[in-house]
Each structure stands twice: as structure tokens, then as C-alpha cells.
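# Observations on the model geometry
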Amino acid sequence: MFTHRGLFFAFPAIGESVGALPSGYFASPQLHSGTDLDTYFEMARLKAPQRRQQLIAVATKQFAKFGYDAATTAAIAKAAHITEPILYRHFSSKQELFVAIIRDVSRRTIEHWQELIVSTDHPAEQLRKIARELPGHLQQLQDAYRVMHNALTTNRDRKVLSVLREHYKQLESFFHRIIAAGIKRGVFRAAHPKAVSWLLIDVGLGYAMMTLDLAQFETFDVEEAIEFILRGLKP
């Protein structure tokens, strides 16, 4: 028996429950062998929304390092200093964790771009601002983008592919609004907004993959690439 921060703990016989320690702590002793009690109690205090965000962050690093197929919920739980049953209280499967990661990066990407363009209503300048900040944005979310790129090229899971399509449709809708507004104002010549939107997405995707996944190759200047597209959109 011992005390920790004024709490009293008594170790029962094998198979019995453990006093005040949260359920599941001794379910996988090897999971906590390198974790001191201060760290454990800090993790145990997280509220449900905080726990979900913690698991998303940890899973992102695991998927980025090992790939979606090789990463396991057991390894993710261990890295988060919790047991696997606790992970399953928040996410029913590894697949659900992946979905949460992609939706999180979609939300953060669109919010970041909206913040960038709020200071100008000129469609061409809005696209320039996004291009200018893209390298920093990719560095900030590099693990999440590596997870996406890996899944795009190797994964055939229907739900995984569905959430990836969902992500790119959101990007398409974002750019579609800018292009359509530019055409309406006469800033851009008449063009198909969907086609231009996907051209912008393709440039961004190519730049992201070259920068994050193929760093050994020489990449291109994404701002120059966007300027090339903007020249083609001039009336």
C-alpha cells in the first residue's frame, strides 16, 4: 500500500480490483512499466474531448511513422499511456481513428485558409495568400499529410477512401467559391470553376508530396505555379 497526492492505495491479491486506481490501470502492466504515477494521473485527468484530441495526435504520429496497415491500436494506446480498452471507449476501431485524423486536418486546413483570405476580397490575392503560406501550413501538419499521402497510394479500405474523397471535396468547394466569385466579378475569364479548383488541388498535392515524402528530389516554387494558373485565368 502507498499514498499518492493524498490518496490511499492498497494492492489487493491478484484478480481483485485495485482501490482508488482508475479501472484498467493494471490490465496491461507492461503498458505502464515506463510511466511514472505523475504521468499516469495527468493522463487520467483528461476529459473526453481532450482524450479524443490526444488520441488523434498520437495516432497521427503512429500512422505517419509505421503506415496505416502496420500501426496497431495496442501501440497507439501504449504511446498515449492508456490501455487499449480505454482507447476503444473513444474510437471503435483503427479505421475510426483514421477518419477522425482526416476530418481534423480538413477542419484545420479550411479554418487556416479562411483566416488567410479574410483580409482581402480579391480572388487572385486570396489564392496568392494561400500559396504563400502553404509551406508553413504543411510543416505544421506534416504528420497528418504524410498519413493522407500514404493512404492515397496504398490503402483500399472503402471507409478510408471515402473520408479522403470527403476531404478533397471540401477543398474543391472552398476553391470553387473563390473561382466562381472571380468569374462573376470579371477578375477571371469564363472557365469551369470545378476544373480550375482541381488544378489548384493538384498543384498543392504535388507540392506537398514532393516536399514531405520525396524530400530527396528537387521541388518547385508553389507560388510560381499558382501565378502560372492565375495568368491563364486573366480575362
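Note: the structure precedes this text.
My aim in this report is to walk through the structure given alongside it, one point at a time. Position numbers for residues start from 1 in each chain and track the written sequence from start to end. Reporting of local features is limited, given that this is a predicted model, to residues whose pLDDT is at least 70; pairs of side-chain atoms are given and counted only at 80 or more, and all residues count toward the totals for whole chains, interfaces and linings. In computing side-chain values, all of the structure's heavy atoms are included and hydrogens and water are not.

On a plain count of helices and strands, the protein chain comes out with 10 helices and two strands. Secondary structure elements are taken from DSSP: a helix is a run of H or I of four residues or more, a strand is a run of E of two residues or more, and numbering for both begins at the N terminus. In sequence order, the secondary structure elements of the protein chain are arranged as β-β-α-α-α-α-α-α-α-α-α-α. Type-normalised accessible area, obtained with a 1.4 Å probe on protein chains alone, sets the label of each residue: buried when under 20%, exposed when over 50%, and partly exposed for intermediate values. Every one of the 235 residues in the protein chain was classed for burial, and the buried ones make up 40%. Working rule for contacts: check all heavy atoms of both residues, and any pair within 4.5 Å makes them a contact. In the protein chain, the share of contacts with a sequence separation of at least 24, taken over all contacts with a separation of at least 6, comes to 65%. Areas reported here follow the Shrake-Rupley algorithm with a probe of radius 1.4 Å; residue values treat only the protein chains shown as occluding. Summed over all atoms, the accessible surface of the protein chain reaches about 13000 Å², with 55% contributed by carbon and sulfur.

If you look at the biggest cluster of nonpolar residues, it comprises 59 residues, and the most contacted ones within it are Phe63, Phe98 and Leu127. The dominant element in this core, judged by the number of residues it contributes, is helix α5 (residues 94-117), at 11 residues. We call a set of buried Ala, Val, Leu, Ile, Met, Phe, Trp, Tyr and Cys residues a nonpolar core when their side-chain atoms join them within 4.5 Å.

Angles shown run from 0 to 180 degrees and are taken between the N-to-C directions of axes, each axis being a line fitted to C-alpha atoms and, for helices, limited to the stretch in contact. Contact geometry for α5 and helix α6 (residues 123-140): axes closest at 10 Å, N-to-C directions at 140°. For the element pair α5 / α6, the angle class is oblique. Relative to α6, the crossing made by α5 is right-handed. Residue-level inspection shows Arg108, Thr109, His112, Trp113, Leu116 and Ile117 of α5 in contact with α6, the latter providing Gln126, Lys129, Ile130, Glu133, His137 and Gln140. Its residues assigned to classes, the contact of α5 with α6 comprises four nonpolar, five polar and three charged. Any angle between 65 and 115 degrees counts as roughly perpendicular, while under 35 counts as roughly parallel, over 145 as roughly antiparallel, and the rest as oblique. Should the near helix be turned counterclockwise from the far one by less than a right angle, the crossing is left-handed, whereas a clockwise turn marks it as right-handed. Note that Gly is not counted as nonpolar here; it falls among the polar residues with everything else outside the nonpolar set of Ala, Val, Leu, Ile, Met, Phe, Trp, Tyr, Cys and Pro and the charged set of Asp, Glu, Lys and Arg.

Our next topic: the packing of α6 against helix α10 (residues 222-233). Between α6 and α10, the shortest axis-to-axis distance is 9 Å and the interhelical angle comes to 160°. In this view, α6 runs roughly antiparallel relative to α10, as classed from their interaxial angle. Relative to α10, α6 is oriented so that their crossing is right-handed. Contact with α6, carried on its side by Ala124, Leu127, Arg128, Ala131, Arg132, Leu134 and Pro135, involves Val222, Glu223, Ile226, Glu227 and Leu230 of α10 and no other residues of that element. Each residue belonging to the contact of α6 with α10 can be placed in one class, and the counts come to eight nonpolar, no polar and four charged.

Here the focus is the pattern of salt bridges. The term salt bridge refers to a pairing of a side-chain nitrogen on Lys or Arg with a carboxyl oxygen on Asp or Glu at a separation within 4 Å. Tallied over the entire structure, the rule returns 11 salt bridges. In this structure, Glu111 engages Arg107 in a salt bridge whose closest nitrogen and oxygen atoms are separated by 3.3 Å. One end of the pair is Glu111 and the other is Arg107, both in helix α5 and four residues apart, which spans about a single turn. Here Glu111 falls in the partly exposed class, since its relative accessible area comes to 37%. Judged by its relative accessible area of 39%, Arg107 is partly exposed. In this structure, a network of salt bridges that share partners links the residues Asp104, Arg107, Arg108 and Glu111.

Here a helix's expected span is defined as the number of its residues, less one, multiplied by 1.5 Å. The end-to-end C-alpha distance of helix α9 (residues 193-212), which contains 20 residues, comes to 28 Å, matching closely the 28 Å that a straight helix rising 1.5 Å per residue would cover. Of the residues making up α9, those classed as buried are Pro193, Val196, Ser197, Leu200, Ile201, Val203, Gly204, Tyr207, Ala208 and Leu212. Each buried residue of α9 lies within a common arc of 155° when the element is viewed along its axis, so the set occupies one face. Buried residues along α9 sit in contact with α6, α7 (142-154), α8 (158-185) and α10. The arc in question is formed by the directions pointing from the helix axis toward the C-beta atoms.

Looking now at unusual backbone geometry. Residue His81 is not a glycine yet carries a positive backbone phi of 65°. Mapped onto the elements, His81 comes out in the loop between α3 (73-79) and α4 (84-90).

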